[in-house]
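Residues per chain, in single letters:
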Amino acid sequence: MISSYLRSTARSFLPMVFGLSAFVFTAVFFTVSPAQSNTDFKQWVSKVWPTARANGISRKTFDQAFAGVVPNPQVLDRAKHQPEFVRPVWDYLDRALTPKRIGQGRKLLRTYKSTLSKLEKRFGVERHILVAIWGLESAYGTRMGDLNVIRSLATLAYRGARGKFGFQQLIGALKILERGDISVNKFQGSWAGAMGQTQFIPTTFNAYAVDIDGDGRRNIWTSPADALGSTANYLRVSKWKKGAPTVIEVKLPRKFRFKYAGLKKIRPMSKWVAMGIRDVDGKRLKSSSRRAAVIVPAGARGPAFLVFNNFRSILRYNNAVPYALAISYLAKQLKGNRAVVKAWPLENLPLNLAQNRELQQLLIERGHKPGEVDGKVGSKTIEAIKAYQQRKGLVADGYPSSALLDRLRKG
Ligand SMILES: [Ca+2]
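To keep things clear, this report deals only with the structure shown in the data block. Not measured: the values here are computed from a predicted model. (Residues numbered from 1 in each chain as written. Predicted model: local features only at pLDDT ≥ 70, side-chain atom pairs only at ≥ 80, totals over all residues.)

## Points about the overall build of the chain
Line of reasoning, step 1. Counting its secondary structure elements, the chain contains 17 helices and 7 strands.
Line of reasoning, step 2. In summary, the chain has a C-alpha radius of gyration of 23 Å against a globular reference of 22 Å for 411 residues, a match within 12%. (Helix = DSSP H or I, 4+ residues; strand = E, 2+ residues; numbered from the N terminus. Rg over C-alpha atoms; globule rule 2.2 N^0.38 Å.)

Written out as structure tokens, the structure reads:
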């Protein structure tokens, strides 16, 4: 998992998983007896009813949804779990862009050719991106999670550290049942309520899911047309632009100043071209007013990319740069284009959670402002690293390497 990168949107806080890894089952979770805790839970459910009713849920739907439902300890366990190690971006891409996933995607492009043509026209989103998201979210509909959605979300709302999220999604989930998009016995998803082939959370589903096959139900579980269409609709509202670039691997000039790199440092292509940025083969890029940012996800020694507005649309689906790179490159490879050219700096391993916290603490002690000491490397931490690197005359790429941590430790 790469959760230190993650601020998900379509799936909220849900970490990027390739299918469902085995749950670590905690046999003894509740400090009170299960019977007592189930009684408490029932009382809690009765307090959910007024809000549900106010949101248009019928008593019948409500009772059916909660019939036999008790808290799920597996869900709480997953919610508490914070991965200690950050997966390197190249490792993430390796797992995402397997020959198997690429091969299956190419086959499905042929199988769903007419549906995809229809979706391209209606939503203005290219087929390769839709299939790439399908491939990464649910391995093309083969790994969707088989937990009872109401049970998972009620558990999070009742006892989880993510109570507010759980409650909001629980009400969203009840609305889905009320509308009849799916029956209660087939209402399944991941531990955090990400559902079906698109892995939408209920509020995303309610806002953006669409019925493409025309049966009156928005079925992202077993209808690939509805799932692909719902993804297309979500990208459309995320301002996807058909025919526009997503990401281009580039070659930075030898003396590139890394203070210009970063997702938020958006400039027109004409500026980047004038700075001497070329495509990865060294060819001149087209100078235009199109806006882009330069990112170096593994630091100055790794590959560099120009990312465009469409890249941001993918980030709205799941706000993690490795995820957006994986989707972009899966789409490229489905199209027959090549993978990332420059070698990743494999020795440049990312720091783990505890090391990132230490790094942030040391940066604060040196007078920098990396934001909260939480082990998560966001834009504030990156900017603080850059400021420190600049002050020390280092290449200011903002990458939290172990060499950098060593240097900070020495003072
Ligand atoms: Ca349908």
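## A look at helix H5 (residues 99-111)
Line of reasoning, step 1. Relative to the 18 Å expected for 13 residues at 1.5 Å per residue, H5 spans 18 Å between its end C-alpha atoms, a close match to the ideal helical length.
Line of reasoning, step 2. Buried residues of H5: Arg-101, Gly-105 and Leu-108, and no others. Buried residues in H5, looked at end-on, bunch into an arc of 65°, giving them a common side. Across H5 from its buried face, at more than 90 degrees, point the exposed residues Pro-99, Lys-100, Gly-103, Lys-107 and Arg-110.
Line of reasoning, step 3. In this fold, the buried residues of H5 make contact with helix H7 (127-138) and helix H14 (321-335). (Expected span 1.5 Å × (residues − 1). Buried ≥ 20, exposed ≤ 12 C-beta atoms within 10 Å, placed from the backbone. Arc of directions from axis to C-beta. Contact = placed C-beta atoms within 7 Å.)

## A look at the sheet that holds strand S7 (residues 304-307)
Line of reasoning, step 1. Pairing within the open sheet is antiparallel, and its 5 strands lie in the order S4-S6-S7-S3-S5. On the outer flanks of this sheet lie strand S4 (267-268) and strand S5 (278-279), each paired with one strand and no other.
Line of reasoning, step 2. Sheet analysis places strand S3 (residues 247-251) next to S5, joined by 2 bridges and oriented antiparallel. Bridge pairing in S5 places Val-250 opposite Asp-279. (Pairing = 2+ DSSP bridges.)

## A closer look at unusual backbone geometry
Line of reasoning, step 1. Positive phi values are uncommon outside glycine, yet Ala-139 reaches one of about 45°.
Line of reasoning, step 2. Judged by C-beta crowding, with 16 C-beta atoms within 10 Å, Ala-139 ranks as partly exposed.
Line of reasoning, step 3. The backbone of Tyr-140 shows a phi angle near 55°, a positive value even though the residue is not glycine.
Line of reasoning, step 4. Its location among the elements puts Tyr-140 in the loop between H7 and strand S1 (147-148).

## A look at the environment of Lys-186
Line of reasoning, step 1. With respect to the helices and strands, the residue Lys-186 is situated in the loop between helix H9 (163-179) and strand S2 (188-189).
Line of reasoning, step 2. When the 10 C-beta atoms within 10 Å are taken as the criterion, Lys-186 is described as exposed.
Line of reasoning, step 3. Residues Lys-186 and Arg-254 lie 68 residues apart in sequence; the distance between their C-alpha atoms is 56 Å.

## Examining the environment of Ser-190
Line of reasoning, step 1. Within the secondary structure layout, Ser-190 lies in the loop between S2 and helix H10 (202-208).
Line of reasoning, step 2. The class of Ser-190 is buried, set by 26 C-beta atoms lying within 10 Å.

## A look at the packing of H5 against H7
Line of reasoning, step 1. Contact pair H5 / H7: the axes reach a minimum separation of 10 Å and the direction vectors enclose 130°. Relative to H7, the element H5 lies oblique. As for how H5 packs across H7, the hand of that crossing is right-handed. Mapping the contact onto sequence places Arg-101, Gly-105, Leu-108 and Leu-109 in H5 and Arg-127, Val-131, Ala-132 and Gly-135 in H7.
Line of reasoning, step 2. Residue composition of the contact of H5 with H7, by class: 4 nonpolar, 2 polar and 2 charged. (Axes fitted to C-alpha atoms, helices over the stretch in contact; angles between N-to-C directions. Parallel < 35°, antiparallel > 145°, perpendicular 65-115°, else oblique. Left-handed = near helix turned anticlockwise from the far one by under 90°. Nonpolar A, V, L, I, M, F, W, Y, C, P; charged D, E, K, R; others polar.)

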